[in-house]
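Summary of structural features
Chain by chain, the residues:
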Amino acid sequence: MDDTAGRIGVYLAHPRPGSFNHALHDAVVAELRGRGCDVRAHDLYAEGFPALLTAEETGTVNAADAPADPQLALHRAEVATLDALVLIHPNWWGMPPAVLTGWVQRVLAPGVAYKLGTADGEPAGLLRAGRALVLNTSDTPEERERTEFGDPLQRIWAACVLPYVGVTDVRRTVFRTVTDAPAPTRAAWLDQARAEAAALLR
């Protein structure tokens, strides 16, 4: 991928308009579009993404059936065409917000994002997107996050979810602590987010 092309999905999961997560999203989308990328930007809360997994969607081996929900069908079709992903969300209880967890469970479905021969087998990732950038916000100091909690978001994205679906280059940055960060610090963080988004193209 060069710095003038590529289809990139940018997924924001924060329910409050005007949050710093929204500022990160806007900065990343503008940077990528300014570099000629075909950006598929999604504010999952604003779009009302249907995050509740159904009983019929709990299988892991057989390919998922075509969904009746048009929004879910759009996301599944779109994610298969991406060259890279950007995921933007806060650290809430060491987890992504519920809407993004639901997006993972419903969109990254068998036959769409991975294939399993048996339930206990090794997955074959199906996504063409080889790279992902995860941008997190947190109010937990870095040392405490690492030593006391074991940095659960790093495990979720870089060890569990993204490699499972074939994304082998996982980059992650945490901006902290956000609540008390002054305006110059936030501005510098936005510059950093733009630079890291641009680096996805190289």
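See the structure shown above.
The rules behind these values
Residues numbered from 1 in each chain as written. Predicted model: local features only at pLDDT ≥ 70, side-chain atom pairs only at ≥ 80, totals over all residues. Heavy atoms only, no water. Helix = DSSP H or I, 4+ residues; strand = E, 2+ residues; numbered from the N terminus. Rg over C-alpha atoms; globule rule 2.2 N^0.38 Å. Buried < 20%, exposed > 50% of the residue type's maximum accessible area, 1.4 Å probe, protein only. Contact = heavy atoms within 4.5 Å. Areas by Shrake-Rupley, 256 points an atom, 1.4 Å probe, with all protein chains shown as cover. Lys, Arg positive; Asp, Glu negative; His and termini not counted. Charge placed at Lys NZ, Arg CZ, Asp CG, Glu CD. Core = buried A, V, L, I, M, F, W, Y, C linked by side-chain atoms within 4.5 Å. Patch = residues over 30% accessible without salt bridge, like charges linked within 9 Å, V, L, I, M, F, W, Y side chains within 5 Å. Salt bridge = Lys/Arg side-chain N within 4 Å of Asp/Glu carboxyl O. Axes fitted to C-alpha atoms, helices over the stretch in contact; angles between N-to-C directions. Parallel < 35°, antiparallel > 145°, perpendicular 65-115°, else oblique. Nonpolar A, V, L, I, M, F, W, Y, C, P; charged D, E, K, R; others polar. Left-handed = near helix turned anticlockwise from the far one by under 90°. Pairing = 2+ DSSP bridges.

With that out of the way, let us pick up the overall build of the chain. Each helix and strand counted, the chain has seven helices and seven strands in total. Listing the helices and strands of the chain from first to last along the sequence gives β-α-β-α-α-β-α-β-β-β-α-α-β-α. For 202 residues, the compact-globule formula gives about 17 Å, and the C-alpha radius of gyration of the chain, at 17 Å, lands near that figure. Counting all 202 residues of the chain, 45% fall into the buried class. Across the chain, the fraction of contacts at a sequence separation of at least 24, relative to all contacts at a separation of at least 6, is 77%. A total accessible area of about 9,700 Å² is found for the chain, and carbon and sulfur atoms account for 54% of it. For the chain, the distance from the average position of its 19 positive side-chain charges to the average position of its 25 negative side-chain charges is 3 Å.

Take the nonpolar core next. One finds Y11, V79, L85, W103, L108 and W157 to be the most contacted residues of the largest nonpolar core, which totals 30 residues. Only α3 (70–79), β3 (84–90), α4 (98–107), β6 (131–138) and α6 (152–164) provide two or more residues apiece to this core. The element best represented in this core is α4, accounting for five residues. Apart from residues no more than four positions distant in its own chain, W157 is found in contact with L87, H89, P96, L100, V104, V134, L162, P163 and V170.

As a further point, take the environment of D169. When you line up the elements, D169 lands in strand β7 (residues 169–176). The spatial distance from the C-alpha of D169 to the C-alpha of W103 is 20 Å, given a sequence separation of 66 residues.

Together, Y45, W92, W93 and M95 make up a nonpolar patch on the protein surface, roughly 510 Å² of accessible area in all. When you line up the elements, W93 lands in the loop between β3 and α4. The exposed category is assigned to W93, whose relative accessible area is 83%.

With that settled, consider the packing of α3 against α4. Pairs of packed helices are described in terms of their axes, by the angle between the two and the distance that separates them. Viewed as axis vectors pointing N to C, α3 and α4 meet at an angle of 75 degrees, and their least axial separation amounts to 10 Å. Judged by the inter-axis angle, α3 sits roughly perpendicular to α4. Contact with α3, carried on its side by L72, H75, R76 and V79, involves W103, R106 and V107 of α4 and no other residues of that element. In terms of residue class, the contact of α3 with α4 is built from four nonpolar, one polar and two charged.

The next thing to look at is the packing of helix α1 (residues 20–34) against helix α7 (residues 183–199). Running from amino to carboxyl end, α1 crosses α7 at an angle of 40 degrees, the nearest separation of the two axes being 9 Å. It follows from the interaxial angle that α1 and α7 lie oblique. With respect to the hand of their crossing, α1 and α7 are arranged in right-handed fashion. Across from F20, A23, L24, A27, V28, E31 and L32 in α1, the residues of α7 making contact are R186, W189, L190, A193, R194, A197 and A198.

Counting buried residues along β6, seven of its eight residues qualify, which places the element largely inside the surrounding structure. Note: β3 against β6, seven bridges, orientation parallel. If you follow L87 over to β6, its bridge partner there is V134. As paired elements, β6 and β7 share eight bridges and run parallel to each other.

None of this, on its own, says anything about what the molecule does.
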